[in-house]
Amino acid sequence: YGKDFSKGKGLDLNHLLSVYRRYSWSGEGVPPSGYDVISQFLGGLSQINETSNEAKVMEWNFSDLSFCLIRTGVKLATHEHLQKQDALAYSELHQIVNAGQNALTSGNSKAFSDSVRAYCECLDGQGLLAPSSRALIGQMYDSGLIQSAKGCGAMGADIILAIVENSDKSQFVK
């Protein structure tokens, strides 16, 4: 929605982030990104790039894929989790996100699914995936009904994003 997050539906998103961080971060550990707040405000499938100060709503360019969001019933306090984190190495995660965004823009289903899987594996490799989510994602892969999955929220514990082929969606959601 524009440079400096400022054109998002008439609200100064930089100000929104500033206020959010002021009240949600104690100054210890890694500050919260606030991307969940911006995404909820923008709606849809939001892309947020803090490096270029851009936020926009993306199109779901896959006629063969769907996504499902599965609540796990596990909730970790994000602010507490981030207080315990040192600065993380984001370069590999950024590369995966860029590949996923390119796949989303071009409508390359396989590359998108591969990016979601790679992102989850990278988080897990850095110790940033809750054991409960790892087990649930493993069960989903074992079903043969998903293309990829990743946890969302602190330690990937709150929600599991599953990418499924449209032909498998009804069976998966049962």
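Residues numbered from 1 in each chain as written. Predicted model: local features only at pLDDT ≥ 70, side-chain atom pairs only at ≥ 80, totals over all residues. Heavy atoms only, no water.

(A) Inspection of the nonpolar core at higher detail. Within the largest apolar cluster, 12 residues are counted, these being Cys68, Cys120, Leu129, Ile137, Met140, Leu145, Ile146, Ala149, Ile160, Ala162, Val164 and Phe172. Sorting the residues of this core by element identifies α6 (131-143) and β5 (159-165) as the ones contributing at least two each. The dominant element in this core, judged by the number of residues it contributes, is β5, at three residues. In contact with Cys120, not counting residues within four places along its chain, are Leu129, Ile137, Ala149 and Lys150. (Core = buried A, V, L, I, M, F, W, Y, C linked by side-chain atoms within 4.5 Å. Buried < 20%, exposed > 50% of the residue type's maximum accessible area, 1.4 Å probe, protein only. Helix = DSSP H or I, 4+ residues; strand = E, 2+ residues; numbered from the N terminus. Contact = heavy atoms within 4.5 Å.)

(B) Broad picture of the packing of helix α4 (residues 91-106) against helix α5 (residues 109-125). Interaxial distance between α4 and α5 falls to 8 Å at its minimum, and their mutual angle equals 160°. Between α4 and α5, the angle is such that the two are roughly antiparallel. The crossing of α4 and α5 is left-handed. The segment α4 lies against α5, with Glu92, Leu93, Ile96, Val97, Ala99, Gly100, Ala103 and Leu104 engaging Ala111, Phe112, Ser115, Ala118, Tyr119, Cys122 and Leu123. Along the lines of polarity and charge, the residues of the contact of α4 with α5 split into 12 nonpolar, two polar and one charged. (Axes fitted to C-alpha atoms, helices over the stretch in contact; angles between N-to-C directions. Parallel < 35°, antiparallel > 145°, perpendicular 65-115°, else oblique. Left-handed = near helix turned anticlockwise from the far one by under 90°. Nonpolar A, V, L, I, M, F, W, Y, C, P; charged D, E, K, R; others polar.)

(C) Structural view of the state of the cysteines. Counted according to the given criterion, the structure contains zero disulfides. Here Cys120 stays free of any disulfide, with the sulfur of Cys152 as its closest cysteine sulfur at 9.3 Å. Cys152 gets classed as partly exposed once you look at its relative accessible area, which sits at 24%. (Disulfide = S-S within 2.5 Å.)

(D) Representation of the side chain of Lys150 within the structure. Assignment of secondary structure puts Lys150 in strand β4 (residues 148-152). Although buried, Lys150 forms no salt bridge, and the nearest oppositely charged side chain, Asp158, lies 10 Å from it. In this structure Lys150 touches Val116, Tyr119, Cys120, Ile137, Ile159, Ile160 and Leu161, once residues within four positions along its chain are discounted. (Lys, Arg positive; Asp, Glu negative; His and termini not counted. Salt bridge = Lys/Arg side-chain N within 4 Å of Asp/Glu carboxyl O.)

(E) Examining the sheet that holds strand β3 (residues 65-71) more closely. If you walk across this open sheet you meet the three strands as β3-β5-β4, and the pairing is antiparallel. Two strands bound the open sheet, and with one partner strand each, they are β3 and β4. Sheet twist, expressed as the mean angle between neighbouring strand axes with direction ignored, is 20°. Pairing geometry for β3 and β5, over seven bridges, is antiparallel. Counterpart to Arg71 in the pairing with β5 is Ile159. Against the sheet, helix α7 (residues 166-173) makes contact with β3 and β5, and its axis sits at roughly 135° relative to β5, the strand it touches most. (Pairing = 2+ DSSP bridges.)

In short, shape yes, function no, at least from these values alone.
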